[in-house]
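Results of the structural survey
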Amino acid sequence: MSAVMEGRADGPTLRQRLAARGIDGATLLVLPCVALILGLFIYPFLYGLMLSFEPKDGSLFGNYARFFSEPFLYGTIFKTLRLAFPVTLLNLLIAIPIAFRVRLLRRQRLLTTLLVLPITLGTVLVAEGMLFYFGPQGWFNRSLMAVGLLSTPVSVLNGYWGVFISLVLTGFPFTFLLTLSYVSGIDPSLENAAATLGAGPAARFREVFLPLLVPGLAITFCLSFVQAYSVLPSAVLVGDPANVTRVISIAAYQAAFEEYDYSMASAIAMIMGAVQLLVVVAVLGCRSLFYRGPAAGAKG
Amino acid sequence: MTVGSTTFKQLHLQGVRREFDAFTALKGLDLTVERGEFIALLGPSGCGKTTALNCIAGLLPVSGGRIMLDDRRVDVLRPEERGFGMVFQNYALFPHMTVRKNIGFGLRMRGVPKPELEKRVDAALAAVRLESQAQKLPGQLSGGQQQRVAIARAIVVEPPLVLMDEPLSNLDAKLRLEMRQEIRRIHQSLGSTTIYVTHDQEEALSLADRIVVLRDGAIRQVGTPAELYALPAHLDVADFMGFRNRVDGELVGMEGENALLDIEGTVIRGRMRTAPAGGAAAGKAAVAAIRPDDLEPTGTADGIPVRVEAVEYRGRGFHGVGVTASGTELHFASPHPLERGAAIRLGADAGRVLVFGDAR
Ligand SMILES: Nc1ncnc2c1ncn2[C@@H]1O[C@H](COP(=O)(O)OP(=O)(O)OP(=O)(O)O)[C@@H](O)[C@H]1O
Ligand SMILES: [Mg+2]
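Residues numbered from 1 in each chain as written. Chains lettered and ligands numbered in written order. Predicted model: local features only at pLDDT ≥ 70, side-chain atom pairs only at ≥ 80, totals over all residues. Heavy atoms only, no water.

Quick word on the nonpolar core
Core analysis: the biggest nonpolar cluster contains 99 residues, and Tyr229 and Ile268 of chain A together with Phe94, Phe105, Leu163 and Ile195 of chain B have the highest contact counts within it. Ranked by size, the runner-up nonpolar core spans 52 residues in total, among them Tyr91, Leu117, Ile151 and Val156 of chain B. (Core = buried A, V, L, I, M, F, W, Y, C linked by side-chain atoms within 4.5 Å. Buried < 20%, exposed > 50% of the residue type's maximum accessible area, 1.4 Å probe, protein only.)

Right, dumping it as structure tokens:
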């Protein structure tokens, strides 16, 4: 009994001190994840990074120098940005109003299930579907011609808009579901409070919802953007991979599997990662200007 | 221009109903509130108090009936068009705005110029004693402080009708008394009309001009605090007004105003409040309701015999619990201490005993 008392008098035990820093038994569960990340992400990344500094010509920065001197290569950065930025923005802009409507629905489960489907189908299947739908004999052209809006079939495919549409189709469900979860996380009584204080729908959105949503929307934007930026299958299948939709992953693919220059391919992959990182850091940096915390009106 | 920003003479609820699927939360409320009145809406948890406020504020559409300001119909208007102030039961403070911004929100929405806005926010902060917390976010405040921000935010716009949903429930006893006076003072200085939800009878009695007792979505009684305190019209209302003892008995006859009730062999006198179905004939079952403070040991051979079960010291006197022969617990007051297990008799003034004949 007295020993216990003395132990207490000495101050907190090692376990208590660790717990105070957030370290306890459950923390150990992180270890398998760390191992996985090290093995599947960090190691290949470092390997690729090293590889990118061993170009065929023997110089340290040869690959990077070549990439940024050839418009055919460095142009892919902007071609990809030209696709990924508007697509992500459009997805987000469509997702927000729909999420606001859906948040009030009772049968959300059915809708979310329907929306998860395109995600599970994957980009290749969607691109193939588009080939039929938008093809010269597809429903799109045939119905527009039947109504008289078109006289000859238009070619949506094999160009910028083909990839754009495919990215919207495959990216939207993901963007929407994330947005919906952020929107429904906002306590509806906040909207009620704003309304009784005289705020109309627009003011409620501007003053209450938007500031509370911005951090979540920023994350949604980043995740959707990264997804769109690494587009490959649809850029080839429904785009114009030699010209307008020669995205950066095509350049990497060609370097690796057509020129067999793995070092160059690694360098392109690094550049691609750097561009994504730059955008993500910029967006998340802006996020810190906003309130980040629980979006509820009461505590406890 | 909101309807509420113009003044009104009377607020009418006419058969206001509200249904949630198959469940009827409000079963047709009829009530007229005069301008400047302080109304307390009193009732047990789940009786529909919040629902009633939400319907008045426009946050829930009514399923039937009408809400009128004089002769203007307001139940069809959106909440921002009604312009009623509301203090939410869960505060609903904007988590991303400082206390100052929260309180200034309504004024900003009404386009009040900045210097005046600042002045009024300062006054509101002072009224709820939160001057030192103005720059904090709601998440950094205690529950009671949040509650006071919610009060300040609602009253700073000086709405003609203020709806408060248990605004003091989270405060300690001392602060609750202070805020109670402050709410009453603000109500009077603004000349506003207040509907104040509470389930604390003391709060209702001390604040309100009139009390509306709600039970299971229906109004049980409306009256001044004195009326309700002395003569509740219903056993439920009596329950709320502190008539803690309910004793089953059998009517034996009438003696003028008073009913004679046989309780386990002892006849006591009480004021007849509601007659049993089919008239107050002898032999009908009835319930006597007595406040513990009014029930005292008689010291004579009169009164209901009980065995003393427990006695507590209450400062000014003693609070006892006695058990009758049939096992009914009776709470009573005693000026002097009593032995546990002692056999005594309890009695009360006829004027302090209420007899209800229609209790189920
Ligand atoms: N959205 C809803 N759907 C279904 N039933 C509801 C809903 N809101 C309230 N109710 C029901 O309506 C009744 C009245 O609810 P209300 O919130 O008005 O109670 P209250 O008197 O404010 O209670 P408390 O004192 O606990 O706050 C309750 O029985 C509740 O279960
Ligand atoms: Mg309530």
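Comments concerning the interface of chain B and chain A
Each partner contributes residues to the interface: chain B has 29 residues there, and chain A has 27 residues. The junction of chain B with chain A conceals about 2100 Å² of combined surface from both sides, 63% of it contributed by carbon and sulfur atoms. Area buried by chain B at its contact with chain A is led by Glu80, Pro95 and His96 of chain B, which between them contribute 27% of it. Our enumeration of links across chain B and chain A arrives at two salt bridges. The residue Glu207 of chain A makes a salt bridge to Arg108 of chain B at a minimum N-O spacing of 2.9 Å. For the side of chain B that touches chain A, the elements supplying multiple residues, two or more each, are α2 (79-82), α3 (99-109) and α5 (143-155) of chain B. If you tally residues by element for the side of chain B that touches chain A, the top one is α3 of chain B, at four residues. Classifying every residue of the side of chain B that touches chain A gives 16 nonpolar, seven polar and six charged. (Contact = heavy atoms within 4.5 Å. Buried area = accessible area lost by both parts, 1.4 Å probe. Salt bridge = Lys/Arg side-chain N within 4 Å of Asp/Glu carboxyl O. Helix = DSSP H or I, 4+ residues; strand = E, 2+ residues; numbered from the N terminus. Nonpolar A, V, L, I, M, F, W, Y, C, P; charged D, E, K, R; others polar.)

What about the site of ligand 1?
Residue and element names in this part refer to chain B. Around ligand 1 sit 13 residues in total, of which Ser45, Gly46, Lys49, Thr50 and Thr51 are the nearest. A distance of 2.6 Å separates an oxygen atom of ligand 1 from a polar atom in the side chain of Thr50. Burial of ligand 1 by the surrounding chains reaches 62%, relative to a free accessible area of 640 Å². At the level of elements, β2 (23-34) and α1 (49-57) are the ones that each hand at least two residues to the shell around ligand 1. In terms of residue class, the shell around ligand 1 is made up of four nonpolar, seven polar and two charged. (Near = heavy atom within 4 Å. Polar contact = N/O pair within 3.5 Å; in protein donor to acceptor, adjacent residues only side chain to side chain. Areas by Shrake-Rupley, 256 points an atom, 1.4 Å probe, with all protein chains shown as cover.)

Concerning the domain arrangement of chain B
Residues and elements named next belong to chain B. Segmenting chain B into domains produces domain 1 (10-237) and domain 2 (243-356). Computed over C-alpha atoms, the centres of domain 1 and domain 2 are 38 Å apart. Of the residues lining the interface, eight residues belong to domain 1; the matching set on domain 2 comes to 10 residues. Interface area for domain 1 against domain 2, summed over the two sides, is near 810 Å², with a carbon-plus-sulfur share of 60%. Together, Tyr229, Leu231 and Leu235 form the three largest contributors to the area buried by domain 1 at its contact with domain 2, with a combined 65%. Here domain 1 and domain 2 share zero salt bridges between them. Summed over the shared surface of domain 1 and domain 2, the result is three residue pairs in polar contact (both at pLDDT 80 or more). (Domains from an automatic or database assignment.)

Quick word on the coordination of the magnesium ion (ligand 2)
At the metal site, the magnesium ion (ligand 2) is ligated by Thr50 of chain B (OG1) and Gln89 of chain B (OE1), and these contacts range over 1.9 to 2.3 Å. Placement of Thr50 of chain B in helix α1 and of Gln89 of chain B in the loop between β6 (85-87) and α3 is noted, with a sequence separation of 39 residues between them. (Donors = N, O, S within 2.8 Å, 3.2 Å for Na, K, Ca; no water.)

A closer look at the pairing of strand β3 (residues 38-42) of chain B
Residue and element names in this part refer to chain B. Most of β3 is tucked away, with five of its five residues classed as buried. Neither face of β3 is left uncovered, since the one carrying Phe38, Ala40 and Leu42 and the one carrying Ile39 and Leu41 both have all their residues buried. Note: β3 against strand β8 (residues 193-198), five bridges, orientation parallel. Within β8, the position partnered with Ile39 by the bridge is Ile195. Across four bridges, β3 lies against strand β9 (residues 210-215) in parallel orientation. Bridged to Leu42 within β9 is Val213. (Pairing = 2+ DSSP bridges.)

Focus: the UniProt feature "domain: ABC transmembrane type-1" (unreviewed entry) in chain A
UniProt records the feature "domain: ABC transmembrane type-1" (unreviewed entry) at residues 77-283 of chain A, using the numbering of this structure. Across residues 77-283 of chain A one finds 77% helix and 0% strand; the C-alpha atoms that close the span lie 18 Å apart. (UniProt positions renumbered as here; feature names shortened; annotations may be inferred.)

A short note on the packing of helix α3 (residues 30-52) of chain A against helix α14 (residues 262-287) of chain A
Residue and element names in this part refer to chain A. At a minimum axis separation of 7 Å, α3 and α14 run at an interaxial angle of 120°. Seen along the crossing, α3 lies across α14 with a hand that is left-handed. Where α3 approaches α14, its residues Phe45, Gly48, Leu49, Leu51 and Ser52 are matched on the opposing element by Tyr262, Ser263, Ser266, Ala267 and Met270. The residue makeup of the contact of α3 with α14, split by class, is six nonpolar, four polar and no charged. (Axes fitted to C-alpha atoms, helices over the stretch in contact; angles between N-to-C directions. Left-handed = near helix turned anticlockwise from the far one by under 90°.)

Looking at the sheet that holds strand β19 (residues 343-347) of chain B
Residues and elements named next belong to chain B. Spatial strand order, β15-β19-β16-β17-β18: five strands in an open sheet with antiparallel pairing. Bordering the open sheet on either side are β15 (296-297) and β18 (329-334), each of which pairs with just one other strand. Where β15 meets β19, two bridges bridge the pair, whose relative direction is antiparallel. By the bridge assignment, Glu296 is partnered in β19 with Gly347.

Observations concerning a nonpolar patch on the surface
A surface patch of nonpolar side chains, amounting to about 930 Å² of accessible area, comprises Val30, Val34, Leu36, Ile37, Leu38, Leu40, Phe41, Ile42, Phe45 and Leu46 of chain A. On the secondary structure map, Leu36 of chain A appears in helix α3. (Patch = residues over 30% accessible without salt bridge, like charges linked within 9 Å, V, L, I, M, F, W, Y side chains within 5 Å.)

Quick look at the UniProt feature "domain: ABC transporter" (unreviewed entry) in chain B
Annotation from UniProt places "domain: ABC transporter" (unreviewed entry) at residues 11-241 of chain B. End C-alpha to end C-alpha, residues 11-241 of chain B measures 26 Å, and it is 38% helix and 26% strand.

With respect to the packing of aromatic side chains
Residues and elements named next belong to chain A. Evaluation of the coordinates by the stated rule reveals 23 aromatic pairs over all chains. Ring centres 6.1 Å apart and planes at 40° place the aromatic pair Tyr43 and Tyr47 in the tilted group. A residue pair is termed a helical-turn pair when its members lie 3 or 4 positions apart in one helix, as Tyr43 and Tyr47 do in helix α3 at four residues. Summarising the aromatic geometry, the rings of Tyr133 and Phe134 are spaced 4.9 Å apart at their centres and angled 90° between planes, so their arrangement reads as edge-to-face. (Phe/Tyr/Trp six-rings, centres within 6.5 Å; stacked < 30°, edge-to-face > 60°.)

Focus: the UniProt feature "transmembrane region" (unreviewed entry) in chain A
Residues and elements named next belong to chain A. Under the UniProt annotation, the feature "transmembrane region" (unreviewed entry) is placed at residues 25-46, 83-102, 114-135, 159-183, 208-229 and 267-290. Secondary structure content for residues 83-102 is 100% helix and 0% strand, and the end C-alpha separation is 28 Å. As annotated, residues 114-135 has a helix share of 86% and a strand share of 0%, and its two end C-alpha atoms lie 25 Å apart.

Describing the sheet that holds β8 of chain B
Sheets are built from strands that pair by backbone hydrogen bonding, the pairs being arranged parallel or antiparallel. Residue and element names in this part refer to chain B. Reading across the sheet, the six strands line up as β6-β7-β8-β3-β9-β10 and stay open at both edges, with mixed pairing between neighbours. Edge positions in the open sheet fall to β6 and β10 (218-223), since each of these has one partner strand only. Across this sheet, the average inter-strand angle for adjacent strands is 15°, counted without regard to direction. By the bridge criterion, three bridges tie β6 to strand β7 (residues 161-165) in an arrangement that is parallel. From the neighbouring strand, Gly85 faces β7, where its bridge partner is Val162. Against the sheet, α5 engages β6 and β7, with an angle of about 175° to β6.

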